[in-house]
Amino acid sequence: MERLKEIFQPKLRFKITITVLVASLLTVFGAYAVSRHFIEDFYVRNAMNNLIKTYKSCNEYFTDETNLEKLRNGETRSLYGYIDNPSSCTVFIIDMTQSKIYSTIRPNEKVERELQNIVDTNDFGLYRYKDKPYSIFTENSDEKNERYYVLQGILDNNLIIILRMPVEQLYSSINFAVSFFAFVALAFILIEIAAILFITNTITRPIIDMSRIAKKMSDLDFNAMVDVRSHDEIGELGNSMNVLSTKLKKTISELKAANLEMSYNIDKRKQLEDMRSEFLSHASHELKTPIALIQGYAEGLKDSVNDDPESRDFYCDVIIDEAAKMNKLVMRLINLNHLEAGDDSLTIERFDLTDLTKSIINASDILLKQRNGKVVFEQTAPVYVWADEFMMEEVITNYYTNAVHYVKEGGEIRVWFERKGDNVRVSVFNEGDKIDEKHIDKLFIKFYKADEARTREYGGTGIGLSIVEAIMKAHNREYGVYNVDNGVVFYADIDAKDQPDEIVGEILSETIIDK
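Just so you know, these numbers come straight off a predicted model, no measurement behind them. (Residues numbered from 1 in each chain as written. Predicted model: local features only at pLDDT ≥ 70, side-chain atom pairs only at ≥ 80, totals over all residues. Heavy atoms only, no water.)

Let us look at the overall build of the protein. Tallying secondary structure elements over the protein gives 14 helices and 12 strands in all. Within the protein, the fraction of its 515 residues that count as buried is 35%. Split by element, the accessible area of the protein, about 32,100 Å² in all, is 53% carbon and sulfur. (Helix = DSSP H or I, 4+ residues; strand = E, 2+ residues; numbered from the N terminus. Buried < 20%, exposed > 50% of the residue type's maximum accessible area, 1.4 Å probe, protein only. Areas by Shrake-Rupley, 256 points an atom, 1.4 Å probe, with all protein chains shown as cover.)

So, about the pattern of salt bridges. In the structure shown here, the tally under the stated rule is nine salt bridges. Here glutamate 114 ties to arginine 164 by a salt bridge, and the two come within 3.8 Å at their closest N and O atoms. Of the two residues, glutamate 114 is situated in helix H4 (residues 109–121) and arginine 164 in strand E5 (residues 160–166); the sequence distance between them amounts to 50 residues. On the basis of relative accessible area, arginine 164 is assigned to the buried category, the value being 18%. (Salt bridge = Lys/Arg side-chain N within 4 Å of Asp/Glu carboxyl O.)

So, about a nonpolar patch on the surface. Taken together, the side chains of Phe14, Ile18, Val22 and Leu26 present a nonpolar region at the surface, about 380 Å² in accessible area. Here phenylalanine 14 shows up in helix H2 (residues 12–62). (Patch = residues over 30% accessible without salt bridge, like charges linked within 9 Å, V, L, I, M, F, W, Y side chains within 5 Å.)

What follows is about the packing of helix H8 (residues 353–363) against helix H10 (residues 389–406). Running from amino to carboxyl end, H8 crosses H10 at an angle of 45 degrees, the nearest separation of the two axes being 10 Å. With respect to H10, the element H8 is oriented oblique. Two packed elements cross with a definite hand, and for H8 against H10 that hand is right-handed. Where H8 approaches H10, its residues Leu353, Leu356, Thr357, Ile360 and Ile361 are matched on the opposing element by Glu389, Met392, Glu393, Ile396, Thr397 and Tyr400. Residue composition of the contact of H8 with H10, by class: seven nonpolar, two polar and two charged. (Axes fitted to C-alpha atoms, helices over the stretch in contact; angles between N-to-C directions. Parallel < 35°, antiparallel > 145°, perpendicular 65-115°, else oblique. Left-handed = near helix turned anticlockwise from the far one by under 90°. Contact = heavy atoms within 4.5 Å. Nonpolar A, V, L, I, M, F, W, Y, C, P; charged D, E, K, R; others polar.)

Attention now goes to helix H3 (residues 65–72). Among the residues making up H3, those that are buried are Asn67, Leu68 and Leu71. For H3, the buried positions fall inside an angular range of 100 degrees around the axis, keeping them on one side. The residue sitting at the N-terminus of H3 and contributing the capping side-chain oxygen is aspartate 64; that oxygen lies 3.1 Å from the backbone nitrogen of threonine 66. (Arc of directions from axis to C-beta. Polar contact = N/O pair within 3.5 Å; in protein donor to acceptor, adjacent residues only side chain to side chain.)

What follows concerns the confidence of the model for the protein. Residues with a pLDDT of 70 or more make up 76% of the protein, whose mean pLDDT is 77. Contacts from residues 1–9, a stretch scored under 50 in pLDDT, to residues over four places away or in other chains number two contacts. Predicted confidence is poor over residues 452–459, with pLDDT under 50, and the contacts of this stretch with residues over four places away or in other chains come to 14 contacts. (pLDDT = per-residue confidence, 0-100.)

Turning to a negative patch on the surface, a few remarks are in order. On the surface, a cluster of negative charge is made up of Glu60, Asp64, Glu65, Glu69 and Glu75. Secondary-structure assignment places glutamate 75 in the loop between H3 and strand E1 (90–95). Glutamate 75 gets classed as exposed once you look at its relative accessible area, which sits at 58%. (Lys, Arg positive; Asp, Glu negative; His and termini not counted. Charge placed at Lys NZ, Arg CZ, Asp CG, Glu CD.)

Below, the discussion takes up the environment of asparagine 46. Position of asparagine 46 relative to the elements: it lies in helix H2. For the pair asparagine 46 and leucine 170, spaced 124 residues apart in sequence, the C-alpha to C-alpha distance is 9.8 Å.

Along H8, the residues that are buried comprise Leu353, Thr354, Leu356, Thr357, Ile360 and Ile361. Relative to the axis of H8, the buried residues are bounded by an arc of 165 degrees and lie together on one face. Opposite the buried face of H8, by more than 90 degrees, sit the exposed residues Asp355, Asn362 and Ala363. The N-cap of H8, judged by a side-chain oxygen 3.0 Å from the amide nitrogen of threonine 354 a few residues on, is aspartate 352.

Right, let's get into the pairing of strand E11 (residues 479–484). Moving residue by residue along a regular strand, the side chains alternate between the two faces of the sheet. Across the six residues of E11, six count as buried, placing the element largely inside the fold. Residues Tyr479, Val481 and Asn483 point to one face of E11 and Gly480, Tyr482 and Val484 to the other, with burial holding for every one of them. In the sheet, E11 pairs with strand E12 (residues 487–495) via six bridges, with the strands oriented antiparallel. Bridge assignment links valine 484 to a residue of E12, and that residue is glycine 487. Counting the residues between successive antiparallel strands, the hairpin from E11 to E12 contains two residues. (Pairing = 2+ DSSP bridges.)

Let us now look at the packing of H10 against helix H13 (residues 464–475). Interaxial distance between H10 and H13 falls to 9 Å at its minimum, and their mutual angle equals 145 degrees. Our pair here, H10 against H13, has a crossing hand that is left-handed. Residues Met391, Met392, Glu394, Val395, Asn398, Tyr399 and Asn402 of H10 lie in contact with H13, whose contacting residues are Gly464, Leu465, Ile467, Val468, Ile471, Met472 and His475. Of the residues in the contact of H10 with H13, the class split is nine nonpolar, four polar and one charged.

This is how it looks when you write it as structure tokens:
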């Protein structure tokens, strides 16, 4: 409906064309009506003036005795070319003394009789005493039913002059003039229509372009600009639209940026609220058991439940052990909070990854012996990497202690390095049960425990892998976990870019497990 309305709604170019065309037609028809009304009087007056001019020319010519003598002697046979006859009327000069007629045509007997009748029935002598030596009137011809404009009078040398011009000849000229006027007017109207269309198209084209661009601006598309080619009012309007488009684009961009920032801040605040709520929930859950134990054993000591020194020592050991677990949990939470908040800046340095890994394995040797397990680490050459050594020690320690706690009784732990492009990948494998696939994507979530009973058994808090995730994200490196046929592998990438092979050292990459 809107499209049909737009199609049939008169356009500016159409309005201008119709307005100018109607004005032109009114002007032409008005001029035609006025001309038609006054043109006859104009032509009649002009015809009378032409008769008078012919009379004066004849009077000048015939009053010259030399010219008259030539006519009388027959040396001049025709008046054509000797007198001024703008209306092409028929001229008769009657010489009564010589009984001769001088004319622009060859008079026949009938004409001679008519002229003789005119001379006999009119007293031409009276013209000598009038203001004008001639008179002009209209005469009807009974034989041919024609009308003439007639001038008859007397010349200065008393020769009689009769001029005759058919009225039909005059009206033929009038009709021709009117027809020619109409034809020319029609031709000019057609030319004017073409000119109007061209001019209005030239004028309205920039307006149409501005209308199209304004529609785009209403749809928040500010890339199109008005092509300003003039310095008139339309050009100024185009410049104003371009300035408006630029300012609107800038303003909307700023609003979008502010909106995005506000949305980000809202999401960030919600995320922080969720993290705070999650933290309180998990922290209270983790602290609930040690606090209950400490409270119970402390109340037992106070009530002297067991008076023997061995029992008191046991109670005190439990309280000390649970307090140590609480302290460890709080310290790890503090460290994780600093990492996630970005408060701890990285100290990137070059260090030997092989030496660091050996020290971590040696420090946990007693725990591995409790599980009757064994560790395989065959890397002997130095492997130099770039990272925060303290944080990478935390990552490998978490991976290795997890492997120690989850390796099966008498099982095997393997640690190896392999080159991955610009990185060295540290992989830690422990032989034992695989991780359920529904848990494997959630292991790095804070406080998440795939096996609550086993985690509690060795004092796990569910924070270690969250610390690993925060450290690896701070280093912008890959990390993860995957199952293999006989156990689980945790891995982490460390930057070894720009380190030549002789500095990186020999990296073991043999297949030691079946994925």
